[in-house]
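In case you want the letters, here they are:
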Amino acid sequence: MLIVQKYGGTSVGSLERIENVANRVIKARSEGKDLVVVVSAMSGETNKLIEYAHHFTTMPSKREMDILLSSGERVTASLLAIALQAKGYDAIALTGRQAGIVTDSIYTYARIESIDNTKMRQEIRNGKIVIVAGFQGIDALGNVTTLGRGGSDLSAVAIAGALEADACEIYSDVDGIYTTDPRIEPHAKKLDTISYDEMLELSSLGAKVLQNRSVELAKKLGVKLYAKSSFSDNEGTLITQESENMEAVLVSGVVLDKNQSRVTLRGVQDRPGIAAEIFTALAERQIVVDMIIQNVGTDGLTNLGFTVTQSDLEEAKQLMESFKDEFGAMDFDNEVCKVSVVGVGMKSHSGVAATAFTQMAKNGINIQMISTSEIKVSMIIDAKYGELALRELHKVYELDK
Ligand code: ADP
Ligand code: ASP
Ligand code: MG
């Protein structure tokens, strides 16, 4: 049996915790499992490295950022291998490149294109516990790349797929997927299972417990994915194919995403092609636009609003400056957040969105933007109401029951 385990930043956040991970790995090993262990950087380490770069400039070269950021994961991978060796176990640490992970060249947000599993297979066959530095690969020209924030989850799922592992276990400081972030809502309930699609929405909408790309890939490759805690032996949550009884549940979870900002362009020339130009320019810079609102134009002018993550706001602003002949004024709002409701049951039930809007109204919360899909409803609201809105939604859909 081959298992890929992934330990996140908090789980390897100190030398004692790396030792705890080593002991957990040894336990799994003693049960006769072959293991590939993917690790993140120690918690806070990636942010610290970003701050170091920002000491010199607000827009450091992304290629150099990737060399810098990939170092955090190498520290933990090598330390874990050393810890295991010190306990008498045969372990080998590999960088992303040594593990055969090849990506495209989109620095800081690269996609995995292929994995040459030869080296990993060989080391497993030699009886070694293989430790891989997560979050990184190389492009076709040999440049170091990283996979986007939280990207070690993606490394783990991709490796599980490439090795046809029996399961991929993602260890963090929570023992599974909850109806909402248990740090914000203590009444949140742990789910035994959740569908790939619901999990994908939850993580895309801001639940950082699993990186969204990793869920997308797990679905595509059919990887059996578990979310578990590195601090307990509790059951965890299985992320899997949708089943009929899942549809009976109207709403599975609610999410709050504080990392949002809104850009509004006022008095935009209302002509064919203007939206295409603006959003193509944003896409070319790899700026992910989430919600978009355009009003019905009057007198040849309209207003266009959209949201981006806060870290992309500076770049989006600069880019919009190059369109300044096309609109009257531009304003920004960093004091917004997004609350979302997710559930496959929405496909077959009506009124889910109306319930959410009513609950906002009861609490005097103004909804600035709305977007929906088959299995989610999202709202942009004032940042100061984010946690209140989350708790109210959790309550109104009886997720605490
Ligand atoms: P790691 O550093 O191990 O990758 P993360 O910090 O990325 O771990 O993810 C774990 C965190 O995700 C938890 O501490 C929890 O606060 C948060 N979280 C957000 N939404 C949820 C949810 N629905 N279920 C469980 N945890 C959640
Ligand atoms: N260390 C990286 C980050 O903080 C990747 C990860 O932890 O998964 O985003
Ligand atoms: Mg994470």
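See above for the structure.
Quantities reported herein were computed from a predicted structural model and do not represent experimental measurements.

Chemist: Any chance you could explain the pattern of salt bridges here in plain terms?
Modeler: Here the idea is simple: oppositely charged side chains can pair when their charged atoms come close. Summed over all chains, the structure comprises 24 salt bridges. Here E277 and R271 are joined by a salt bridge, their closest N and O atoms 3.2 Å apart. Classification of E277 as partly exposed rests on a relative accessible area of 37%. Across the pair E326 and R271 runs a salt bridge whose closest N-O atoms are separated by 2.8 Å. Placement of the pair is E326 in the loop between α10 (310–321) and β16 (329–342) and R271 in the loop between β13 (253–269) and α9 (274–284), with a sequence separation of 55 residues.

Chemist: Any chance you could explain the site of ligand 1 here in plain terms?
Modeler: Near ligand 1 you find 18 residues, and of these G8, D173, Y178, D181 and R183 are the closest. Between ligand 1 and the protein, one listed contact pairs an oxygen atom with a backbone N or O atom of G9 at 3.3 Å. In isolation ligand 1 exposes 570 Å². Once the protein is present, 89% of that is buried. Split into classes, the residues belonging to the shell around ligand 1 amount to seven nonpolar, six polar and five charged.

Chemist: Please explain the environment of K220 as it appears in this structure.
Modeler: Examined against the element boundaries, K220 turns out to sit in helix α7 (residues 212–221). When its relative accessible area of 70% is taken as the criterion, K220 is described as exposed. For K220 and G161, which are 59 residues apart along the polypeptide, the C-alpha to C-alpha distance reads 9.6 Å.

Chemist: Would you take a moment to explain the sheet that holds strand β10 (residues 193–195) for this structure?
Modeler: Hydrogen bonding along the main chain pairs the strands of a sheet, whether they run parallel or antiparallel. Ordered in space as β3-β6-β2-β1-β9-β11-β12-β10, the eight strands form an open sheet in which the pairing is mixed. Each edge of the open sheet carries a strand with a single partner, namely β3 (91–94) and β10. The sheet shows a mean angle of 20° between the axes of neighbouring strands, direction not considered. Looking at chain direction, β10 and strand β12 (residues 237–240) are connected through three bridges and run parallel. If you follow T193 over to β12, its bridge partner there is L238. Most of the contacts of helix α3 (residues 62–86) go to strand β6 (residues 129–133), to which it runs at about 160°, and overall it touches β2 (34–39), β3 and β6.

Chemist: Explain the layout of surface pockets here, please?
Modeler: Its boundaries defined by the atoms lining it, the second largest pocket holds a volume of some 300 Å³. For the second largest pocket, the lining is made up of 16 residues, of which R24, K27, Y171, K228 and D233 are closest to its centre. When residues of the lining of the second largest pocket are traced back to their parent elements, those giving at least two are β1 (2–7), α1 (15–30), β9 (167–172) and β11 (225–229). Looking at the lining of the second largest pocket element by element, the count peaks at four residues for α1. When the residues that make up the lining of the second largest pocket are grouped by side-chain class, the tally is three nonpolar, five polar and eight charged.

Chemist: For this particular structure, what's the right way to read the site of ligand 2?
Modeler: Taken together, S40, A41, T46, E73, F135, R149, G150, G151 and S152 are the residues near ligand 2. One nitrogen or oxygen atom from the side chain of T46 is found 2.8 Å from a nitrogen atom belonging to ligand 2. Take E73: an N or O atom from its side chain is 2.7 Å from a nitrogen atom of ligand 2. Its residues placed into classes, the shell around ligand 2 shows two nonpolar, five polar and two charged.

About the cut-offs
- Residues numbered from 1 in each chain as written.
- Chains lettered and ligands numbered in written order.
- Predicted model: local features only at pLDDT ≥ 70, side-chain atom pairs only at ≥ 80, totals over all residues.
- Heavy atoms only, no water.
- Salt bridge = Lys/Arg side-chain N within 4 Å of Asp/Glu carboxyl O.
- Buried < 20%, exposed > 50% of the residue type's maximum accessible area, 1.4 Å probe, protein only.
- Helix = DSSP H or I, 4+ residues; strand = E, 2+ residues; numbered from the N terminus.
- Near = heavy atom within 4 Å.
- Polar contact = N/O pair within 3.5 Å; in protein donor to acceptor, adjacent residues only side chain to side chain.
- Areas by Shrake-Rupley, 256 points an atom, 1.4 Å probe, with all protein chains shown as cover.
- Nonpolar A, V, L, I, M, F, W, Y, C, P; charged D, E, K, R; others polar.
- Pairing = 2+ DSSP bridges.
- Axes fitted to C-alpha atoms, helices over the stretch in contact; angles between N-to-C directions.
- Contact = heavy atoms within 4.5 Å.
- 1 Å grid on protein atoms, 1.4 Å probe; cavity = no way out; pocket = protein on both sides within 12 Å on 5 of 7 lines; lining within 4 Å.
- Points joined across faces, edges and corners; volume = space filled by probe spheres on them.

Functional significance is not addressed by these values, which are geometric in nature.
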